[in-house]
Every structure is written in structure tokens, then in C-alpha cells.
Amino acid sequence: ALFDRGEPSNLRVANRNTMAPSSRRNTLLSAAALAAASTTTAFAPPSSIGINKSIQQQQQHPYPITANSRCNTRGLCSTSDSTDTTDLVALSTNPSLNLTPEGYGFSSPIERILKSRGGLGYYRAKGSESVIDVMEGITSKDNKADVALVFDDDDKLLGLFTDADYIRLATERATTRSEEESATFIAAPVSNFITPASNLICVDSTDTASQAVAIMSINNIRHTILIEKCGPNNSYLEGSAVKGVISMQDVLRVIQGDERLSFDKLSKKFPGLANKPIEQMREEMKSQANMLASNPETAKKDIIRAVTLALSAGSVALFASQSSWLSSHAELAMVGIFILGYIGIIFEEVFEFNKAAVALLMSTGLWVTYADYYGDSTGVASETVLEQLKEQLAEVSDICFFLLAASTIVEVVDAHQGFKVVTNLITTKSKKGLFWTIGFLTFFLSAILNNLTVTIVMVSLLRKLVPNDDDRRLFGAMVVVAANAGGVWTPIGDVTTTMLWINNNLSTIPTVTELFLPSFVCLVASLFYLVNQVEEDSSLAESTLPPPSPLATRGVVVFWTGIASLLAVPIFNDLTGLPPYIAMLTGLGAIWTMTDIIHMGEEEEEGMKVPAALSKLDTSGILFFLGILMSIGVLDKSGLLKDLAIFLNDNLPSQDIIATVIGIASALIDNVPLVAATMGMYDLADYGTDDKLWQLIALCAGTGGSILVIGSASGVALMGLEKVDFLWYAKKVTLGASIGYFAGIATYLAQNAVLSGALLSGSVSP
């Protein structure tokens, strides 16, 4: 900031409110200038550029703000040596000296700063929410804030929760004597640790950027709330509507961006600066921009954006023009849409597209093409197509509601620490013994819970049990293999088995009895190979897992109720004949009612109830299933999948090989669309419930996803949780997972031959 060099007596006014609006807007407070000078370095001249010392001296303000300075209620400051309050005023009251146009830079209206950051600047929380839930909300990808405003049930503002409040919490927590006592801090209501509303400092709609910086600097804060009218001493008036939260970073970002646009004006203002620093800085910025554009990562993103834009524009233009080409090449168009969508899903990490969005767009494009252009279509969906759409949506909804209810039940059990019933049983200090224990535990848990949830729970447990990073990655890979194998042999263990079960391709008893042994052999064969990489040492003695402790009665009740709800699903289905999702929703309703009764009147326990669990669910994952299954459905309705089935039958010698190939493909491609496509390729009328084909597909698709880390949801979760990369997994685990995969298939074929009497009949002479 540029300081006026007038006499001190000419710089004083009695009160900011007596200043003319134009003068007030042009005001640059000394505190603001100092804050900007100390915080903002992005546009300072390079150190190689000499600046005339006399210019620096001329720019010094006669009243510098020091640690002893005092400030009035509107952010104007005076030194502590003065007996009465001295307002330090405008440092640049001459419009000709402003660095930026009116309404920009330091004179920017405060509401412009809030608008420029996007959003309201805060995460909205309830006082009864736990600290850990509020921190999760603040740091979520969808949130654009770093603080939380906390309200009571009547939407009355209780206070502000910032990183400073969390540090205060952490400091208090450090004095605790046990882990359980420490955990109570982050599980406690966030209202216990907030800065109360009565202590908040605010700005109002008439303030500018310079005044906001001054107010925050003087009060030694980094966030301030914006309301219509502040109270005395910039205090928050109870009942005032909060427009947003503004941080020092928000303000300085706008100021810096505006001043960058004033390079030409600055250059004219200070023509005597050596070596023309403005031009030099401009060239440096151009050079930096060019280097960034030359970066391979940036070039890749630019190519992806360009190709995506071109494909999007071309697709929209093609559909909008109602081209006759679409009518005559509808099959080709549908295959093209499916392949492009599949590429977007497989290479989600490369393209940085959310696979749920790609799946939804793919399904929409396929249904539009099928309804308006396929076969004898006249450009408008027929009644037949609308009926097919309703049928497909009904089938897909079964799976989506099933997953929604099951995931919520597991989340509620976990919130009540129900899994301590299992973790309390782990006492071994042998690494190889622990390897086998975790493997078998994961295998059986994933049979009654979904394998993704079990993977997350077990990897979280391994962080306490296995301190060595390399060991923990290997244990985590073993968890993926065990979870995928364990999910195969029950209808509720893996989403692909669930899909086949819901669609009546499989039934409960034969699935359990005929797929258990192959799944178990797959696990044991893989673990026999992987355990050789485990080296015994004393590292488990460093485990941070607390000694086994009894679970509270509430946790035990919730755990067994949740497990009973999951196990009762196939029984309910067999007894009533109703779809499985009805049974799962019934179980959810039961555990919802039970937890409401348990926590009745306990506002601080809101995070333990079902609504809190629902808020944590992976909604995008459910929408991904919706998009994928709707896409596969339209390919089925059009007959394209039937054509593919005929091709495979004509070119592969047996269905056993077809199922094996599908399993290997699931190591590269998401097994949900693979199984969904297979369900459309083969008719239930030809291959009835519990046919060998369906059982083998369930086994191969479930266990084949373990061959590569990207082949299953469990593997992808491990990549995120333990930073496991593709090549490490391929080197350490792929061979072991492949051994288990083929061992499981061989076991199933041998078992099927024995059960069907093929071996016996083949050995008897005619």
C-alpha cells in the first residue's frame, strides 16, 4: 500500500461514520496496509531489483502500528501512549494515488469478496454433532470452507468452530491418561469447543476489504462473519442473519488479483524504479505460465478437456439435428456410447471424471438412442419402450434400495463400536499367525457384511495392529483377497452375487453350500503364497491397539440386531416370497426404531442414530450402480447382449471357459457391469436358477477382481487408504491371487462333477 506523506494533523478525523462515503471507500487503514505487506509477497519486486532508499523512507507512515497499539470499535487504531483514542485514517485519500479503480483492491466491498470465494464460506453444523463429524464435514470434497458455524435446533447461532478451536481441543486432549478418555473429546458435541457467538467479531455490508483486514489484524483473528449490521465493538448482535464467513486469505486473494490488473498504472506512477520491475514481473509471469503449460500433466489435462469438449459438442449436435445417420446406425451408436462410457469409468483416475457421472450420462445416451432411433422408432419413445424403461428401473431399484439399507445398518453398528465384539478376540503377537487370523476373520465377516465395508474396517484395524508400512500394505492386500473370496458364497456378501440372487439367477441354500468350498480354497491357496512374504519380528509389540475391553450393553445390542437384520434377509425372502430389498428395509426400520429408543432425549448422541449414518453413505456409489445397470438394461432390451452371447458361444469351446474369461476380465474392468452384461447375455429360460453357469460366474467375477488392485471396490479402497499403487500390487500379490483364482475354479468344477455324478458315470464302463 502507498502511504500519504502529509502531516499527522492533516490525517486525523474524529470518527469514521462522519466521513463522506467516497472518502470512506478510498480509505486504506494502516493496519490493513501492514497486514498486506506482511502477508502478501506474490507481487513484490524481485530481490534483484534495486529500489531507491528514499522512496522507501518516504512511504513510511508517521504512526506505525505496533504491538502496543490500541484500536477503536470500527478498526481505527491509536498508540497506547496516547491518553485518548486517536483514529488513524486514510493513508491514500487522493484518488489519483489509488492502485486500483474504485470498488476494487483495498476498496472492494466486503460482499464482493464473499461472492468471489464461492459459497457462504462455512460448513453449517448442529451443536449436537460430534467434533469428528463436523471436521469430516469441513474437510469433505464438496465443501468450500475451512470453518463451521454451529447452530442449535432452533437455528440460533451458537458460535464458530475453527482450526484454532480444534487446536485448543487437542491441547486439552493431550492431558488425558487413556485412549478411551482421549476419544471422548472428538466424540463430544462440537458445541463444547466453539468460540461463542457473543465473542465473535463481525463486519457489515458497508465495510471494505481494507477495513476487514484491519479488523481481523487488530483482533488477531483469521475469520470474521458478515452480517447486515454489527453491534458495538464489531460484536455479533443476537438474532442477526449471517450472510457468510470471510477469511483473511479470501480478502488478500481479491486484493492481489485486482492489483495485478494495475501494472500499467503502477509503471506510469513510478517511472524512476530501476530496471522497470513491472515489465520484468510481467515477463516472469509469462514464463511461469509457459512452463506450467509445458508440464506433461497439464498437457494431458488440456488434451482430455479438448477431446471431451469435442465429443460432447459433437454428440449434442448429432442428437439435436435428428440425423438420419442415427436411425440407420443406431446399433453402432449405442455400442460407441457404451465403449466411451466404459473407458471413462475404467480410467476414472486418469480423466478425473467421477464414474457415477459418466455412468449416468452413458445410461441416458443409450436410452435416448434406443427410444428415438433404434429399429422402427419414429423419433419419439413408444409405449413399448416406456414399459421396458419402467421394468428396468424397477429391477435396478431393488439393488439400489438393498445397498442403501445394508450400508446404513453397517454404519450404525460401527458408530456404536459394535465391531469390538470381533476385534477383542485378536490377541496373537505372531505376524504370520495374525496374517492367517485376519484372513479368516475377513473371509467370514465379508460373507455377512459387504466386502467393501469389511475391507475398510479391517484396514483401519491393521493401522493399530501392524506399525510397519510395508507389512501393513501386504496385510491390506491379503484383506482384499479374503474379502472378495468371502463375499462370493452368500447372497449378501458381494454386490455381484447379490445382483444374481435378486434377479433369481441364484438362490440362497445352493449358493452357500456349493460356493463355500471353492471360495475357501481360493482364500487358502492365495494366503499360502502370500504368507511367505511375511517376515517374523517383534514389530507387533509396538501395536497401538488398546487391551480388550468389554463393549457397552448398547453396543452389544446394536451389533447383534444389525447382524440379525442382515442374516434374516434370505430367510425372509424364502418365507414370504417378497424381494430381498423389502427384508433389508424392514431390518433398517427395526434398527432405526431401536436406536431412537436407546438414545431418546439424548441430544448429544444424534451422531449415533440412523440419520447421521445416512449422511455418511456413498451416494455417488449407489448412483453409479444405477447408471451402470440402466445402461446394461437397455443393451439387453435392444438385443445387443444376446448377439454377444451367441458370438461367445460360437467362438469359445465351453461355458466354463466363458466364465473364466469373464473373471479375468473383472481384474481390469468393474465386475458390476460385467455380471450385469452376462445376466443379459444368457436367458433364465435356458439357464435356470442355480445353473452351473451362474454359480461359476459369481465365483469368477468375485475372486477374479483380486488379481489386480483396480479389479474390485475393495482394491480401490485399499489404494486410497494405504496408498498402494498398481505396480506394487502386481509385483507382490497378483501371482498369489491368480493361484487362488484358478484353484477355486478347479475346486468348483471338481465338486460339481462329483455332485452331478459325472466322475462316477465316466468311470463306469457302458
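This section reports on the structure supplied with the text. Remember, predicted model here, so these are calculated numbers, not experimental data.

### Some details on the state of the cysteines
Taken as a whole and assessed by the stated rule, the structure comprises 1 disulfide. Put simply, cysteine 202 and cysteine 230 are joined by a disulfide, and their sulfur atoms are 2.1 Å apart. With cysteine 202 in strand β7 (residues 202–204) and cysteine 230 in the loop between β8 (223–227) and β9 (242–247), this pair connects stretches of sequence that are 28 residues apart. Residue class for cysteine 230 comes out buried when judged on its relative accessible area of 8%.

### A closer look at the sheet that holds β9
Taking strand neighbours across the sheet as the criterion, the 3 strands line up as β7-β8-β9 in an open arrangement whose pairing is mixed. With partners counted over all chains shown, the strands left at the sheet margins are β7 and β9, one partner each. Strand-to-strand twist of the sheet, defined as the mean angle between neighbouring strand axes without regard to direction, takes the value 35°. Note that β7 and β8 share 3 bridges and pair parallel. Bridged to valine 203 within β8 is leucine 226. In the packing of helix α4 (residues 110–117) onto the sheet, the strands contacted are β7, β8 and β9, and the crossing angle to β9 comes to about 80°. Those strands touched by helix α8 (residues 209–218) are β7, β8 and β9, and its axis lies near 165° from that of β7.

### With respect to the side chain of lysine 609
Position of lysine 609 among the secondary structure elements: in the loop between α25 (580–598) and α26 (610–615). When near neighbours in sequence (up to four residues on either side) are disregarded, lysine 609 contacts Asp596 and His599.

### Digging into the nonpolar core
Residues Phe435, Ile438 and Met499 are the most contacted members of the largest nonpolar core, which totals 127 residues. Discounting chain neighbours no more than four positions away, the residues touching methionine 499 are Ile399, Leu629, Val672, Val675, Ala676 and Met679. Core analysis: the second largest hydrophobic core is formed by 18 residues, Leu114, Ile201, Val203 and Met216 among them.

### Topic: unusual backbone geometry
With a phi angle near 55°, asparagine 220 is a residue other than glycine that sits in the positive phi range. When you line up the elements, asparagine 220 lands in the loop between α8 and β8. The backbone of asparagine 504 sits at a positive phi, close to 70°, despite the residue not being glycine. A relative accessible area of 45% means that asparagine 504 is categorised as partly exposed.

### Focus: the pairing of strand β5 (residues 157–161)
Of all the 5 residues making up β5, 4 are buried; the element is thus mostly covered by neighbouring parts of the structure. Linkage of strand β4 (residues 148–151) to β5, two consecutive antiparallel strands, is achieved through a turn of 5 residues, within which aspartate 155 is found at a positive phi near 60°. Relative to strand β6 (residues 195–196), β5 runs antiparallel, the two being bridged by 2 bridges. For leucine 160, the partnering residue across the bridge sits in β6 and is threonine 195.

What counts, and where the lines are drawn
The numbering scheme is per chain: residues are counted from 1 as the chain's sequence reads. Given that the model is predicted, a residue must reach a pLDDT of at least 70 before its local features are reported, and side-chain atom pairs must reach 80 or more before they are shown or counted; all residues, however, enter totals for whole chains, interfaces and linings. Hydrogen atoms and water are omitted, and side-chain values are computed over all heavy atoms in the structure. Cysteine sulfurs are considered disulfide-paired once they come within 2.5 Å of each other. Only runs of H or I of at least four residues qualify as helices and only runs of E of at least two qualify as strands under DSSP, and these elements are numbered from the N terminus. A 1.4 Å probe rolled over the protein chains alone gives each residue an accessible area, and that area as a share of the maximum for its type sets the label: buried under 20%, exposed over 50%, partly exposed in between. Two strands qualify as a pair provided DSSP detects at least 2 bridges between them. Axis lines are fitted to C-alpha atoms, over the contacting stretch for helices. Their N-to-C directions set the angle, which ranges from 0 to 180 degrees. Should any heavy atoms of two residues lie within 4.5 Å, those residues are considered in contact. Nonpolar cores were defined as sets of buried Ala, Val, Leu, Ile, Met, Phe, Trp, Tyr and Cys residues, with membership established by side-chain atoms within 4.5 Å.

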